[in-house]
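A look at the structure
For reference, the chains in residue letters:
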Amino acid sequence: MAGRLLKVSSLATAVFASSGFYLYNKQLDLNDLSIIRFGRAAVTTAAISYDYLTAFKHVEYDTEEYWLLKSKVHQRSAERLRDLCCANRGTFIKVGQHLGALDYLLPEEYTSTLKVLHSQAPQSSMEEIQKVIREDLGKELTELFVSFEEKPQGAASLAQVHKAVMHDGRTVAVKVQHPKVQRQSSEDIVVMEVLLRAVHWLFPDFAFMWLVEEAKKNMPLELDFLNEGHNAEKVSSMLAHFPFLKVPMIHWDLSTKRILTMEFAEGGQVNDGEYMKKHGIDVNKISENLGKMYSEMIFVHGFVHCDPHPGNVLVRKCPQSKKTEIVLLDHGLYQVLQPDFRLDYCRLWQALIKGDMSGVERYSRSLGAGDLYPLFACVLTARSWTAVNAGISSVPVTHSEDVEIRTNAALYLPQISDLLNRVPRQMLLLLKTNDLLRGIETALQTRASSSSFINMSRCCIRAMARHKRSKIQSRRRRLQITLAESFFLWKLSMYELFLWLRGSVLGHWLTALLEFLH
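Residues numbered from 1 in each chain as written. Predicted model: local features only at pLDDT ≥ 70, side-chain atom pairs only at ≥ 80, totals over all residues. Heavy atoms only, no water.

- As named in an unreviewed UniProt entry, the chain is AarF domain-containing protein kinase 1, taken from Scomber scombrus.
- What the UniProt record of the chain gives under Sequence similarities (unreviewed entry) is the line "Belongs to the protein kinase superfamily. ADCK protein kinase family." (UniProt positions renumbered as here; feature names shortened; annotations may be inferred.)

In structure tokens:
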């Protein structure tokens, strides 16, 4: 027995030694090994689960000590999760960024800790970038570009962007995919699915499988840069009537599934108030134009850019016209809304803006919320149930309401998880988009301005009128629908003019005059 054990141990030693020698000679990064990535994720998941299982054993529920301890456990767990995302990179960072945007669902300790992942994405070495370009375009950098900056303009979870100059003198941005992310993404998603199922078994109220389902569906699309290029051209054509929108032109001759070469566009991030102040850019106009763009995408066309985090939305003064522009980047993730879904979503927002509670219930149920429709309305608008009842356009957002929303998010986590597993998959990316846009409005201090609701209402009216016309053959009836649409749009314009006058110097003067005469 001892001899057999000696033989086995000698063989194991030889295998490990030869494996180590092989890995050393190949200079293989241990992070590339699936077992290492899985092990790291499993250890982190186990540590977080154990912390939640044991931390509250000797603390009475709903005491000050309990809530203080819970906040500390949230913070420890969020930091562990952030460190895991930074270590495993790629898909893990992408999912971590998504979690960091879920202000309505996760405790503040998680969202504030995970938001830093937008600025902590890994960078590939210049050798790796050159290898991808050589493999995909069949030429060396010097053959393709006069100059190519080694330091990337920005690095994201799946790729990084370099500034370069082509031989004809044009400056371009070259987006190059991290070389290992394509292979690792499918393995990482399987790892996440296994671990999330294990956590759900331990904590039945924890239901985040929708997150894995979304990653499974969207990751292949985001990793195909040709798909991103086609999306960019489609949205540029679709919103060509907005002179303030700039979508960089694609250079197809220098683009592949892993490389996207586009027109270079400079600007400040949309949440950078100092940049806007320095360049004389009106934050209210930026917020209004952003609302116009997204209302048009969501309600009228049903083709929605779903990753408007600040790094993907730049603002600038156009070098030629000197007019303010919004530059929209990163077109890998779009949601195509089905017509019936889009129309119910239109009707729901109209009901929310007006405070039509029967409409809120009806269309929330149509969108899969069921009896959880009050929670759905609050999650969708990030407003309290009191504000929803009154009509969100008539009740301003307050700090106390934001605190109430965050507190309720922690209390109703099981119900919110249940809701997110019920609603159509299309809704999940829309919720993420809403959260990112709200984050921008909060940074610009323009959240819940009346203009955003007016733009939404305008797009909803146009979308509903277009739908009705498509169902009618009678010219007379189609004309009636068009006239009704024009009338409602005119009413909105009059209301917008009234709000502008009320806030202007002339409005203040007239108000003072009327008070004096009275």
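A short note on the overall build of the chain
- Counting secondary structure elements, the chain contains 22 helices and eleven strands.
- Buried residues in the chain amount to 48% of all 518 residues.
- A sequence separation of at least 24 residues applies to 68% of the contacts in the chain between residues at least 6 apart.
- Looking at the chain as shown, the accessible area adds up to about 26,700 Å², and 58% of this sits on carbon and sulfur atoms. (Helix = DSSP H or I, 4+ residues; strand = E, 2+ residues; numbered from the N terminus. Buried < 20%, exposed > 50% of the residue type's maximum accessible area, 1.4 Å probe, protein only. Contact = heavy atoms within 4.5 Å. Areas by Shrake-Rupley, 256 points an atom, 1.4 Å probe, with all protein chains shown as cover.)

Details of helix H9 (residues 209-222)
- Compared with the 20 Å implied by 1.5 Å per residue over 14 residues, the 20 Å span of H9 between its first and last C-alpha is a close match.
- In the structure, H9 departs most strongly from a straight axis at Lys216, where the bend amounts to approximately 30° and where the proline Pro220 lies between one and four residues downstream.
- Within the sequence span of H9, burial applies to Met209, Trp210, Leu211, Val212, Glu214, Ala215, Asn218, Met219 and Glu222.
- If you follow the buried residues of H9, they end up packed against helix H4 (91-100), helix H8 (181-202), helix H10 (225-238), helix H18 (413-422) and helix H19 (425-444). (Expected span 1.5 Å × (residues − 1). Bend = angle between axes of the 7 residues up to and from the residue.)

Quick notes on the sheet that holds strand S10 (residues 324-328)
- Reading across the sheet, the four strands line up as S5-S10-S9-S7 and stay open at both edges, with mixed pairing between neighbours. Looking at which strands have only one partner, the edges of the open sheet turn out to be strand S5 (245-246) and strand S7 (268-269).
- The pairing of S7 with strand S9 (residues 313-317) spans two bridges and is antiparallel. Note on S9: the bridge partner recorded for Gln269 is Leu314.
- Here helix H12 (residues 283-301) sits on the sheet in contact with S5, S9 and S10, set at roughly 45° to S10. (Pairing = 2+ DSSP bridges. Axes fitted to C-alpha atoms, helices over the stretch in contact; angles between N-to-C directions.)

A short note on a nonpolar patch on the surface
- There is a patch of nonpolar side chains on the surface, built from Ile35, Ile36, Phe38, Val190 and Val194 and spanning about 430 Å² of accessible area.
- Secondary structure elements with two or more residues in the nonpolar patch: helix H2 (34-54) and H8.
- The element contributing the most residues to the nonpolar patch is H2, with three residues.
- Within the secondary structure layout, Phe38 lies in helix H2.
- By relative accessible area, which is 33% here, Phe38 ends up partly exposed. (Patch = residues over 30% accessible without salt bridge, like charges linked within 9 Å, V, L, I, M, F, W, Y side chains within 5 Å. Salt bridge = Lys/Arg side-chain N within 4 Å of Asp/Glu carboxyl O.)

Some details on unusual backbone geometry
- Not every positive phi belongs to a glycine, and Asp330 is a case in point at roughly 55°.
- The residue Asp330 is located in the loop between S10 and strand S11 (334-336) in this model.
- Not every positive phi belongs to a glycine, and Ala382 is a case in point at roughly 55°.

Here we look at the nonpolar core
- Counting 106 residues, the largest nonpolar core has Leu99, Met293, Phe299, Tyr345, Leu352 and Met427 as the members making the most contacts within it.
- Of all the elements, helix H13 (residues 339-354) adds the most residues to this core, at nine residues.
- Dropping the residues within four chain positions of it, Leu99 is found in contact with Leu81, Leu106, Thr111, Leu114, Phe208 and Leu211.
- Counting residues in each nonpolar core, the second largest holds 16 residues, with Leu137, Leu144, Val174 and Ile259 among its members. (Core = buried A, V, L, I, M, F, W, Y, C linked by side-chain atoms within 4.5 Å.)

Describing the side chain of Ser49
- Considering the arrangement of structural elements, one finds Ser49 in helix H2.
- For Ser49, a relative accessible area of 7% gives the class buried.
- Here the side chain of Ser49 touches Thr45 through a polar contact of 2.8 Å, landing on its backbone oxygen.
- In contact with Ser49, other than residues within four places in its own chain, are Val199, Leu202 and Phe203. (Polar contact = N/O pair within 3.5 Å; in protein donor to acceptor, adjacent residues only side chain to side chain.)

Here we look at the packing of H8 against H9
- Running from N to C, H8 and H9 point in directions that differ by 170°, and their axes come no closer than 9 Å. Between H8 and H9, the angle is such that the two are roughly antiparallel. Within the contact between the two elements, H8 uses Ser185, Ile189, Met192, Glu193, Leu196 and Arg197 and H9 uses Met209, Val212, Ala215, Lys216 and Met219.
- Partitioned by chemical class, the residues of the contact of H8 with H9 number seven nonpolar, one polar and three charged. (Parallel < 35°, antiparallel > 145°, perpendicular 65-115°, else oblique. Nonpolar A, V, L, I, M, F, W, Y, C, P; charged D, E, K, R; others polar.)

Topic: the packing of H13 against helix H15 (residues 373-381)
- At a minimum axis separation of 12 Å, H13 and H15 run at an interaxial angle of 90°. Comparing their axes, H15 and H13 come out roughly perpendicular. Touching Tyr345, Leu348, Trp349 and Leu352 of H13 are Phe376, Ala377, Leu380 and Thr381, all from H15.
- Considered class by class, the residues forming the contact of H13 with H15 number seven nonpolar, one polar and no charged.

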